[in-house]
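# Geometric and topological summary
Now for the letters of each chain:
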Amino acid sequence: MKYLVNGLLAAVAVVAIGCGKTEAPETATADIFSFANTTQFVTRHLHLDLDVDFEAQALRGSATLQLERLDDDASRIVLDTRDLDIADVSFLVDGGRRVDTRHSLGDRDDKLGAPLTVEVPTELAGETLLSLRIGYGTRPESTALMWLPARLTAGGEHPLVFSQSQSIHARSWVPLQDTPAVRITYSATIRTPQELVAVMSADNDPDAERDGEFSFEMPQPIPSYLLAIAVGNLGFAELGDRTGVYTEPELLEESAWEFADTQAMLESAEAMFGPYQWGRYDILILPPSFPYGGMENPRLSFLTPSLIAGDRSLVAVVAHELAHSWSGNLVTNATWRDIWLNEGWTTYLEYRLMQEVFGMERAEEENVINYEELLDNFERIDPKYQGLAPKTALGDPDYAQGIIPYHKGNLFLQYLEQSFGREVFDAFITQYFDAHAWEVITSEQFLDYLDTELLSADPGKVSRAKAEQWLYEPRLPEDAIIPRAATLEQAGQLAVLWSSGEIDIDRLPADDWSPHATIHFIDNLAADLPADKLADIDAALGLSDTRNAEIARTWFTQVAARGYRPAYGQLGRYLKRYGRARLIVPIYAALAGNGEDEELARELFAAARENYHPQTVGFIESTLERSD
Ligand code: BES
Ligand code: ZN
């Protein structure tokens, strides 16, 4: 039986916002979330020259785009922006001379921002390569940037700012062609307050002097959603010869301990997926306001500090972000509708890495927990978005499909692995990454590649029609592999037995449980458990005071759904502490939906809101709107 309110990001509505188009675009690669005219001009390189102004909560300076003209007749460049103040626009010629030009900013669309149209002056009519310089500044309401006052940092003495560009937020800190279909190299000069350090998704130097100016190069071409920056009082600790951790000095030691396995993960990943193409792999642990568990910014994954559980139990997120170095960063989804090629592949690679580094039992436990979230998403997500590659245009690329691309994608690849055998499938994995490295790919291109290289090469195992079922039909095919973990099943059964009074609380082998087993236990408690039994289990397992943010998420979601008031104090503190959407959105949803606490949910949100990133605020707002 399922008693749960178990959603995450995806607990949020599937509301079609934005561009008003409901059909998928005609050409597979057209990006309905970008205004850029990428068939006429394409960006090759970006240079950023920016001042970081904490008082004004603004980045100010210039972006210079090296563009290649693909269409001789094209004379207008359209870029994406959102809430940018454009100061001046010019082309650079002959080693720096500026040719001014006309530009205009179109109407602002809530979701997409405003197109910036730039005229190419007649003087440059014959040129194929153009250097376009845009002087601009960001606004405090940038949906990518979060400006944290000192009190929201671990040290409490210095402010900190970080970006989150995926999916379509790069345009709110840089004017550019904001589509995954265009890859660019970039360089940057960043001026900061003297005492702070800047890092980017680029060649960070842990020994860089704190002199108020930092230079970066990213020589590998990346899509715009992987542009990233953070500035704060950051220290560095080495984890291995190619891996290290950046964070505030206060968190450095515990972070280095928690993520000590990063180098081993990198080495396993290379052994299984092919060479790591990006040089170093470092991680950055941000303050608790970071809106995601992790973000795969190349060379420097950004991570939530909620992963620091003190027992290394949540490091699958590191395996995940690292795996994106192949699936996503090296081979990239062509449009947001193809996001399963990033996230499904990555979740599968994460599962393989977890097997390799931590063993099968733990990997299977995580696989089962993921599967249950998937089942939950099938109940709440519109069936037209349940295919891996929906034929209906997405409303919002950040959450239209919930976690379906992740875990259904993972199960599709597990199904292929099992059908063809690990050896054959492993060869396919490296061959796939090799064949599409530095490219973007649509779901249909993937299907053709899969068909040629695997399905038709070894006929009679998996038909093309079966693969299409995974891509286009809701839910799971009937022969999908259902994940199982004996350890979790046992914890689930004990939850049922204890709920019905058939066993005593001191008979629960909770000390032997993994955090995942504890989560599974909580998830299987009976719906009608009386308050005194909730108090017993809270006390016995230390749930309201747990340091494990995933256990806390599960527990407080139950607390909220059941209206168990004795734990509301801790629940409120948890909501205020973490801005990671996955950890808190289900709790708000459960509170607003329990029939009594909608008002309380709004009050708690009002009190915590300033601790949240704009993207998290958006998720919670649409959750609370839905319960109106
Ligand atoms: N790339 C995603 C984060 C993301 C997805 C940001 C879509 C914006 C839009 C990242 O790799 C991710 O999936 N993070 C997960 C962790 C993972 C282990 C499921 C998260 O943040 O929970
Ligand atoms: Zn991911």
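This text follows the structure it describes.
Attention in this report is confined to the structure presented alongside it. (Residues numbered from 1 in each chain as written. Chains lettered and ligands numbered in written order. Predicted model: local features only at pLDDT ≥ 70, side-chain atom pairs only at ≥ 80, totals over all residues. Heavy atoms only, no water.)

## A word on a negative patch on the surface
Side chains of D203, D205, D207 and E217 sit close together on the surface and give a patch of like negative charge. Within the fold, E217 resides in strand β13 (residues 213-223). (Patch = residues over 30% accessible without salt bridge, like charges linked within 9 Å, V, L, I, M, F, W, Y side chains within 5 Å. Areas by Shrake-Rupley, 256 points an atom, 1.4 Å probe, with all protein chains shown as cover. Salt bridge = Lys/Arg side-chain N within 4 Å of Asp/Glu carboxyl O. Lys, Arg positive; Asp, Glu negative; His and termini not counted. Charge placed at Lys NZ, Arg CZ, Asp CG, Glu CD. Helix = DSSP H or I, 4+ residues; strand = E, 2+ residues; numbered from the N terminus.)

## Side note on the sheet that holds strand β9 (residues 145-148)
Spatially, the four strands line up as an open sheet ordered β9-β10-β14-β12, and their pairing is antiparallel. This sheet does not close on itself; its edge strands, each paired only once, are β9 and β12 (197-200). Direction aside, the axes of adjacent strands within the sheet are offset by 10° on average. With four bridges connecting them, β9 and strand β10 (residues 160-163) associate as antiparallel partners. In the strand pairing of β10, W147 is matched with V161. (Pairing = 2+ DSSP bridges. Axes fitted to C-alpha atoms, helices over the stretch in contact; angles between N-to-C directions.)

## Quick word on the site of ligand 1
Taken together, 16 residues sit near ligand 1, with Q166, G293, E296, E321 and Y406 positioned nearest. Contacts to ligand 1 include H320, whose side-chain N or O atom sits 3.1 Å from an oxygen atom. R580 places a polar side-chain atom, nitrogen or oxygen, 3.3 Å from an oxygen atom of ligand 1. Broken down by secondary-structure element, the contributors of at least two residues to the shell around ligand 1 are β18 (294-295) and α3 (316-323). Residues belonging to the shell around ligand 1 are distributed by class as follows: four nonpolar, seven polar and five charged. (Near = heavy atom within 4 Å. Polar contact = N/O pair within 3.5 Å; in protein donor to acceptor, adjacent residues only side chain to side chain. Nonpolar A, V, L, I, M, F, W, Y, C, P; charged D, E, K, R; others polar.)

## Focus on unusual backbone geometry
Residues Q166 and S167 are joined by a peptide bond in cis, for which omega reads 0°. Checked against the element boundaries, S167 lands in the loop between β10 and β11 (183-191). Not every positive phi belongs to a glycine, and Q57 is a case in point at roughly 50°. Looking at the element boundaries, Q57 is found in the loop between β1 (41-53) and β2 (58-69). Of the residues examined, Q57 reaches a relative accessible area of 30% and is grouped as partly exposed. A positive phi angle, near 60°, is found at R312, a position not held by glycine. Here R312 shows up in the loop between β19 (300-303) and α3. For R312, a relative accessible area of 22% puts it in the partly exposed group. (Buried < 20%, exposed > 50% of the residue type's maximum accessible area, 1.4 Å probe, protein only.)

## A few points about the pattern of salt bridges
Applying the stated criterion across every chain yields a total of 43 salt bridges. Among the ionic pairs, R191 bridges to D49, the shortest N-O distance being 2.5 Å. Of this pair, R191 sits in strand β11 while D49 sits in strand β1, placing them 142 residues apart in sequence. Overall, the relative accessible area of 26% leaves R191 in the partly exposed class.

## Overview of the packing of α3 against helix α4 (residues 340-358)
Between α3 and α4, the least distance of the axes is 8 Å, while the angle of their chain directions is 125°. The angle between α3 and α4 places the two elements in the oblique class. Helix-helix and strand crossings are classified by hand; for α3 and α4 the assignment is right-handed. Of α4, the residues touching α3 (which contributes A316, A319, H320, L322 and A323) are E343, T346, T347, L349, E350, L353 and M354. Of the residues contributing to the contact of α3 with α4, the split by class is seven nonpolar, three polar and two charged. (Parallel < 35°, antiparallel > 145°, perpendicular 65-115°, else oblique. Left-handed = near helix turned anticlockwise from the far one by under 90°. Contact = heavy atoms within 4.5 Å.)

## Comments concerning the nonpolar core
Among the nonpolar cores identified, the biggest contains 208 residues, and W173 and W345 are the most heavily contacted of them. The element contributing the most residues to this core is helix α15 (residues 581-593), with nine residues. (Core = buried A, V, L, I, M, F, W, Y, C linked by side-chain atoms within 4.5 Å.)

## Focus: the sheet that holds β13
Reading across from one edge, β5-β4-β8-β2-β1-β11-β13 is the order of the seven strands in this open sheet, with mixed pairing throughout. Looking at strand neighbours, the two that pair on one side only are β5 (97-100) and β13, the edges of this open sheet. With direction set aside, neighbouring strand axes in the sheet form an average angle of 25°. Here β2 pairs with strand β8 (residues 129-138) via nine bridges, running antiparallel. From the neighbouring strand, L65 faces β8, where its bridge partner is L132.

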